[in-house]
Every structure is written in C-alpha cells, then in structure tokens.
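An overview of the molecular structure
One-letter residues, chain by chain:
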Amino acid sequence: MSPTPPKRAVIEIQAPGRTENCQIGVFAAYASARGRALVDRELYLPKSWTEDRDRCRAATIPDDRDFHTKGDLAKVMVLRALASELPIAWVTADSAYGQEGLFRRLLEQSGVGYVLAVPKSQFSVGCPRIDWLFAQAPAEAWERISCGDGAKGPRVYDWAAIQLPAVAEYDYQDGTPVRRRWALARRSLTKPDEIAYYLAYSQLDTTVEQLVRIAGTRWAIEECFQAAKNECGLDQYEVRRYTGWMRHITLAMLAHTFLAAMAAAAASKGAAETVPTPWSTSPWQRSGDSWRAAVPTARVRYGARPALTP
C-alpha cells in the first residue's frame with residue numbers, strides 16, 4: 001500500500017464487560033486527518049454456536065461459517081482493508097490483538113507500520129517482559145508528549161520509547177535495514193503506577209512523536225462507536241438472526257461513513273489539507289535523539305529472546 005497520506009486502520013473489539021443477552025462484534029475503523037469512520041465488521045460466534053449446526057441454521061448463519069477467534073476475524077478484516085483502495089500506512093489495536101504474534105507477523109509481511117498495545121508481560125526480540133525493560137529506563141528517557149486532543153483537550157502522558165533489535169527475516173532487504181522496531185510505554189501523570197505498553201514497527205525515519213500520535217489514534221474507534229450510536233442507531237436493534245445483524249450494522253456503518261464524508265467535504269472547502277508524511281548493566285543506550293536496546297549482535301533472528309532481569 002502507498003505510505004502516503006498517513007491513514008490508519010484501527011481494530012478493536014466492542015464487547016460488554018458483563019454477561020448479558022447481546023451480540024459481540026469485531027470492528028475496523030479508518031482514521032485520517034480529515035475524519036474517521038467504521039469500515040468493516042464481523043460477528044463473533046462462540047464454539048457453542050458453531051458446533052451446533054441446527055442452531056446456526058435457525059439463526060441463518062451460513063453453513064460454511066466455522067469458529068474463528070476474535071484475532072482471526074481481525075486478521076481477515078485487515079487483509080480486506082489492505083486489498084481495498086484505501087491508502088493505509090498504519091494499523092493500531094488494543095492488547096487483545098497486539099499480543100498475538102501472528103497478527104504482528106501479518107502486518108510486517110504486508111509492509112504496514114503498526115503501534116499495538118500489549119500486556120505488561122509481553123515479550124519481544126530483546127525484551128522477555130516489556131515491563132522489566134521499562135523498569136530499567138533512566139529518568140531522562142521519559143518525555144511528556146500529547147497523543148492527540150480529546151474531549152477535554154490534549155491527552156498528555158509521560159512516554160518512553162526504545163529501539164528493539166531488528167529481525168533479519170522482516171526488517172532487511174538485500175542486507176539493508178528498511179524497518180525499525182520499538183517498545184513504548186505510556187505513564188499517567190496523576191497515577192505514575194498506571195503504565196500502558198506498546199510494540200511498534202515503522203519506517204526508519206519515524207520519530208517517537210509520530211509513534212505516540214499513532215498510539216493515540218486508537219481512540220478513534222470509540223469515537224466512531226459513539227457517533228454511530230447517537231446519529232445512526234448502531235446499537236438500536238433487536239435481532240436474533242445473523243442476516244438481521246449484518247444488515248442493521250452495515251446500514252448504520254454506511255450512514256455514519258456518509259456523514260463523516262460530508263463533514264470532511266464541508267471542512268475542506270476553501271482550504272487545502274496539509275498532511276505530514278507518515279511514516280550489560282542496563283539495555284538502555286542513547287542513539288541520536290532516541291534510545292536503543294543494547295544486544296550482543298546487530299541482527300537477531302525472529303524467536304530469539306535475550307535474557308534480561310528486572
């Protein structure tokens with residue numbers, strides 16, 4: 001896909017926090033400087049459904065629809081988005097997807113950058129546990145940066161970022177590095193013990209500020225949900241069949257996308273949009289204006305996990 005302009009596909013699950021009579025969907029949103037909208041959806045079906053074919057037929061679920069995890073559904077939607085005409089440079093998602101190695105490999109093989117939330121126990125090349133890695137970060141590694149405006153103004157946190165070792169299979173072309181790996185941490189200003197972690201994959205010239213901005217873009221999907229519910233009735237359905245769910249959700253998404261496109265067209269009248277180009281003792285070592293994880297070799301093959309201690 002073309003790396004410009006800097007558009008981002010965002011994948012996140014929409015699910016209630018308690019057991020109730022509902023349908024669970026996996027959704028994709030498309031975000032750019034001109035707006036954002038939901039662009040894809042899949043209904044999640046648990047094994048208790050897919051293993052009961054009579055129940056599935058009664059709910060008009062296609063006979064060829066088997067069980068798929070939410071991660072599987074996310075990968076399918078990412079592939080559909082990449083095959084579309086949408087210019088996509090980045091993918092971001094919450095930790096339910098970011099922790100899945102196959103999901104990250106899919107994006108790397110597709111040449112797409114990502115900033116994916118991961119749990120604190122996440123391991124990666126050069127970092128057996130991401131929270132151990134940032135526990136060793138020097139005080140000067142933390143920088144106060146806004147990851148975008150929210151309802152109450154700029155969302156400001158303390159951020160630390162460190163370059164991870166490259167993976168020969170994915171990060172080099174003809175012996176030349178073409179991609180860079182990062183680990184990021186976001187620390188609350190008022191509650192310093194609250195730290196969120198990310199793994200990132202980017203072009204060589206990507207700055208920490210750009211990675212932070214992409215991380216903040218994930219909130220776009222929540223904004224899309226809220227707008228689609230308030231303006232298009234996304235959640236105003238009482239269906240018990242697969243066909244009815246798909247029709248209602250798709251129509252509401254289409255209406256929301258139309259409104260987003262009209263708003264972007266109105267905002268662009270009389271003004272051209274300006275879009276930036278996207279894209280030891282301690283393992284922390286400064287490298288220019290960023291930090292790098294020190295490892296014994298220049299390149300690490302995928303699967304290597306050098307030992308670190310907290």
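Residues numbered from 1 in each chain as written. Predicted model: local features only at pLDDT ≥ 70, side-chain atom pairs only at ≥ 80, totals over all residues. Heavy atoms only, no water.

So, about the overall build of the protein. Assigned secondary structure in the protein consists of ten helices and 15 strands. For the protein, the accessible surface area stands at approximately 15,800 Å², while carbon and sulfur atoms represent 51% of it. (Helix = DSSP H or I, 4+ residues; strand = E, 2+ residues; numbered from the N terminus. Areas by Shrake-Rupley, 256 points an atom, 1.4 Å probe, with all protein chains shown as cover.)

Taken as a whole and judged by the stated rule, the model has nine aromatic pairs. Ring geometry for Tyr-114 against Tyr-201: centres 5.5 Å apart, planes inclined by 20 degrees, an arrangement best described as stacked. Highlighted residues: Tyr-114 in strand E5 (residues 113-118) and Tyr-201 in strand E12 (residues 195-203), separated in sequence by 87 residues. By relative accessible area, Tyr-201 is classed as buried at 1%. Look at Tyr-157 and Trp-159: their rings are 6.4 Å apart centre to centre, the planes differ by 85 degrees, and that puts the pair in the edge-to-face class. For the pair Tyr-157 and Trp-159, a shared accessibility class is recorded, and that class is buried. Ring pairs connect the aromatic residues Phe-27, Phe-225 and Trp-245, which therefore count as one cluster. Lying across the ring of Tyr-44, Lys-70 places its NZ or CZ 4.0 Å from the centre. (Phe/Tyr/Trp six-rings, centres within 6.5 Å; stacked < 30°, edge-to-face > 60°. Buried < 20%, exposed > 50% of the residue type's maximum accessible area, 1.4 Å probe, protein only. Lys NZ or Arg CZ within 6 Å of the ring centre and 35° of its normal.)

This paragraph deals with helix H8 (residues 208-217). H8 sits mainly inside the fold: eight of its ten residues count as buried. Every buried residue of H8 is accounted for by Val-208, Gln-210, Leu-211, Val-212, Ile-214, Ala-215, Gly-216 and Thr-217.

On the surface, Phe-258, Leu-259 and Met-262 cluster together to form a nonpolar patch covering roughly 300 Å² of accessible area. For Met-262, a relative accessible area of 44% translates into the label partly exposed. (Patch = residues over 30% accessible without salt bridge, like charges linked within 9 Å, V, L, I, M, F, W, Y side chains within 5 Å. Salt bridge = Lys/Arg side-chain N within 4 Å of Asp/Glu carboxyl O.)

All told, the structure shown has 15 salt bridges when counted by the stated rule. Of the charged contacts, one joins Lys-75 and Asp-72 as a salt bridge, the two residues approaching to 3.5 Å between their closest N and O atoms. Taken together, the residues span about one helical turn, with Lys-75 and Asp-72 both in helix H3 (residues 70-83) at a distance of three residues. Classification of Lys-75 by relative accessible area gives buried; the value is 14%.

Among the secondary structure elements, Asp-131 is positioned in helix H6 (residues 130-135). Separated by 2.9 Å, the side chains of Asp-131 and Arg-129 make a polar contact. The residues touching Asp-131, leaving out its near neighbours within four places in the chain, are Lys-120 and Tyr-197. (Polar contact = N/O pair within 3.5 Å; in protein donor to acceptor, adjacent residues only side chain to side chain. Contact = heavy atoms within 4.5 Å.)

With that settled, consider the environment of Ser-146. Mapped onto the elements of the fold, Ser-146 is located in strand E6 (residues 143-150). The spatial distance from the C-alpha of Ser-146 to the C-alpha of Gly-216 is 8.5 Å, given a sequence separation of 70 residues. Ignoring anything within four residues of it in the chain, the contact list for Ser-146 reads Pro-154, Arg-155, Val-156 and Val-212. Of note is the side chain of Ser-146, whose polar atom sits 3.2 Å from the backbone nitrogen of Gly-148.

With that settled, consider the packing of helix H9 (residues 220-232) against helix H10 (residues 242-268). Taken N-terminus to C-terminus, the directions of H9 and H10 make an angle of 100 degrees; their axes are 10 Å apart at the nearest point. With respect to H10, the axis of H9 lies roughly perpendicular. Across the interface between the two elements, Cys-224, Ala-227, Ala-228, Glu-231 and Cys-232 of H9 pack against Ala-252, Ala-255, His-256 and Leu-259 of H10. A breakdown of the residues in the contact of H9 with H10 according to their chemical character gives seven nonpolar, one polar and one charged. (Axes fitted to C-alpha atoms, helices over the stretch in contact; angles between N-to-C directions. Parallel < 35°, antiparallel > 145°, perpendicular 65-115°, else oblique. Nonpolar A, V, L, I, M, F, W, Y, C, P; charged D, E, K, R; others polar.)

With that out of the way, let us pick up the pairing of E5. The buried fraction of E5 is high, at six of six residues. Burial of E5 is two-sided: the residues Gly-113, Val-115 and Ala-117 facing one way and the residues Tyr-114, Leu-116 and Val-118 facing the other way are all buried. Note: E5 against E12, five bridges, orientation antiparallel. Within E12, the position partnered with Val-118 by the bridge is Tyr-197. (Pairing = 2+ DSSP bridges.)

Next up on the list: the packing of H3 against helix H5 (residues 101-109). Geometry of a packed helix pair, given as the angle between the helix axes and the separation of the axes. Orientation of H3 relative to H5, taken along the N-to-C sense of each, is 10 degrees, at an axis distance of 10 Å. As the angle between them shows, H3 and H5 are arranged roughly parallel. Contacts between H3 and H5 involve Ala-74, Lys-75, Val-78 and Leu-79 from the first element and Leu-102, Phe-103, Leu-106 and Leu-107 from the second. Grouping the amino acids of the contact of H3 with H5 by side-chain chemistry returns seven nonpolar, no polar and one charged.

Attention shifts here to unusual backbone geometry. Its identity as a non-glycine residue notwithstanding, Thr-60 has a phi of 60 degrees, on the positive side. Of note, Thr-60 is situated in the loop between helix H2 (53-58) and H3. Residue classification places Thr-60 among the partly exposed residues on the basis of a relative accessible area of 33%. In the Ramachandran plot, Asp-174 falls in the positive-phi region, its phi being about 55 degrees despite a non-glycine side chain. With respect to the secondary-structure elements, Asp-174 resides in the loop between strand E9 (172-173) and strand E10 (176-177).

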